[in-house]
Amino acid sequence: MDIQVNAQEKINSFMAGLKRRNPGETEFQQAVQEVVTHIIPFIEDKPLYQEMQILERLCEPDRVVIFRVCWEDDKGRIRTQRGYRVQHNNSIGPYKGGLRFHHSVNQSILKFLAFEQTFKNSLTGLPMGGAKGGSDFNPKDKSDNEVMRFCQSFMTELTRHIGQNKDVPAGDIGVGAREIGYLFGQHKRLSNEFTGILTGKGMEYGGSPIRVEATGYGAVYMMEEMLKLRNQQLEGKTCLISGSGNVAQYATEKCIQLGAKVVTMSDSSGFMHDPDGIDQEKLEYIVDLKTNRRGRISDFAKEYGVEFYPDKRPWGIPCDLAFPCATQNELNAEQATTLVKNGCMGVSEGANMPTDLEGIRIFQQANTLFAPSKAANAGGVAVSGLEMSQNSARITWKEEELQNLLQGIMQDIHESCVEYGRESKDRINYLKGANIAGFTKVANAMLAYGVV
Ligand code: NDP
């Protein structure tokens, strides 16, 4: 039988089984589909991976912990939330991955994120397994005291599942410096130990220079590397960025530093378009607005007299480059088609899985440079890995040293994608490259362990 037809049949049958075992988990199914499309053809001539059922085992998390989180709000009412930790795979190092606090959090979203994290962490070249966790708690409309009480209750249960050699969580949507502080404080109280059980910590208590900047900066470095292959550079390019949280803020900063013009940012209520470009002063306003004042991006539009588009995403604005940095499935086929029509030459995913499967297909057909999240946003977890090393050695490295390490890691990730993803002289499938490079290291470790 034709090898391609055979592989497609295997993909269909694999996905049918996965959907049967994980009903209704659409985000998890989507993330797996994105990976097996490349891995099944890759292992066609590698019988050992097949005999040892490596792919089947990789698509089943090691464990999913679900727990109740009770806390008291400022009015004295008892609230009940659901907490999760998905420990996906620890074949190459302790579980590692962020915590998300957002009303949309459910098992499917965390399983997709933990699955992706396993490949991403492998790509960094550092010894980290994959995990993700969080809760359907929404910190946005809560007081500091409410957030503290929730974090303390959440950590009271989570504490028994984590450890510096076991599982090291970090931040994600809704979990920033404030939440990490409360979580770390509660763990320290319960365990009577000061160990690096979380990353993204404040500099006063074991944090690492440039961890806050790393994900956004890394996504821009990835774009820079892709552009170099086409004899292009960031300088002078018009960029669309979605989101206005941690990743979006520092992607914007790095674009500004490299001479590009960022004309949009967004949040869950819409996007603003600033045709003159966001400069460092405007960015500082946004960082303060979103991080300290917990305001809306529409406040920026009002302050600077630029257009705000309620409930819309920025992808209709003409641009050279796009950085989706808000959330999953925020860029669909129709929006991808518009981007391509408007001349967008590159997309680097700061958020996790922001482009849906059809959107990716559109970019690939148009030979748009497309860096998938597992490669493009790996800079954050890479510096988290370096934070773990610093904590173990009880030292703090210099900012410059970490900047160089981050840039080097992003260049290595780019090289791995090119190595496994080159389809012709001028066509690199970065998604295929990232999937195969990420898979190989984890799969080989799993082979070494036998059936466990
Ligand atoms: P933040 O909470 O700091 O910011 C999230 C941003 O996205 C906010 O502007 C938020 O708007 C917006 N957003 C969230 N949900 C939606 C939605 N459903 N529709 C539209 N906008 C939305 O999170 P981060 O910046 O840390 O994370 C952003 C993305 O990057 C996520 O996909 C995350 O998994 C990924 N990521 C983050 C890493 C990190 O180091 N922080 C590492 C790797 C990946 P609003 O303010 O209205 O909520």
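Structure's up top.
Calculation notes
- Residues numbered from 1 in each chain as written.
- Predicted model: local features only at pLDDT ≥ 70, side-chain atom pairs only at ≥ 80, totals over all residues.
- Heavy atoms only, no water.
- Axes fitted to C-alpha atoms, helices over the stretch in contact; angles between N-to-C directions.
- Helix = DSSP H or I, 4+ residues; strand = E, 2+ residues; numbered from the N terminus.
- Parallel < 35°, antiparallel > 145°, perpendicular 65-115°, else oblique.
- Left-handed = near helix turned anticlockwise from the far one by under 90°.
- Contact = heavy atoms within 4.5 Å.
- Nonpolar A, V, L, I, M, F, W, Y, C, P; charged D, E, K, R; others polar.
- Near = heavy atom within 4 Å.
- Polar contact = N/O pair within 3.5 Å; in protein donor to acceptor, adjacent residues only side chain to side chain.
- Areas by Shrake-Rupley, 256 points an atom, 1.4 Å probe, with all protein chains shown as cover.
- Pairing = 2+ DSSP bridges.

Asks: Explain the packing of helix α10 (residues 280–292) against helix α11 (residues 297–304) to me, and be specific about the residues and the numbers.
Replies: The contact between α10 and α11 brings their axes to 10 Å, and the two run at 140°. In terms of orientation, α10 lies oblique with respect to α11. α10 and α11 meet at a crossing whose hand is right-handed. Contact residues: α10 offers E281, K282, Y285, I286, L289 and K290, while α11 offers I297, D299, F300, E303 and Y304. Classifying every residue of the contact of α10 with α11 by side-chain character gives 6 nonpolar, no polar and 5 charged.

Asks: Give me the lowdown on the site of the ligand, citing residues and values where you can.
Replies: Taken together, 26 residues surround the ligand, and among them D172, T215, S268, R296 and N352 come closest. Separating an oxygen atom of the ligand from a side-chain N or O atom of K290 is a distance of 3.2 Å. With respect to the ligand, the side chain of R296 contributes an N or O atom lying 2.7 Å from an oxygen atom. Burial of the ligand by the protein amounts to 86% of the accessible area it has alone, namely 900 Å². Of all the secondary structure elements, the ones that give two or more residues to the shell around the ligand are α8 (211–229), α9 (246–257) and β7 (261–267). The residue makeup of the shell around the ligand, split by class, is 5 nonpolar, 13 polar and 8 charged.

Asks: Lay out the sheet that holds strand β6 (residues 238–242) in plain terms, naming residues and giving numbers.
Replies: Pairing within the open sheet is mixed, and its 7 strands lie in the order β9-β8-β7-β6-β10-β11-β12. The open sheet has two free edges, formed respectively by β9 (307–310) and β12 (369–371), since each of these has just one partner strand. In this sheet, adjacent strand axes meet at a mean angle of 15° when their direction is disregarded. One ladder, built from 3 bridges, connects strand β11 (residues 346–348) with β12; its direction is parallel. Looking at the pairing, V347 lines up with F370 of β12.

Purely geometric stuff here, so don't read any function into it on its own.
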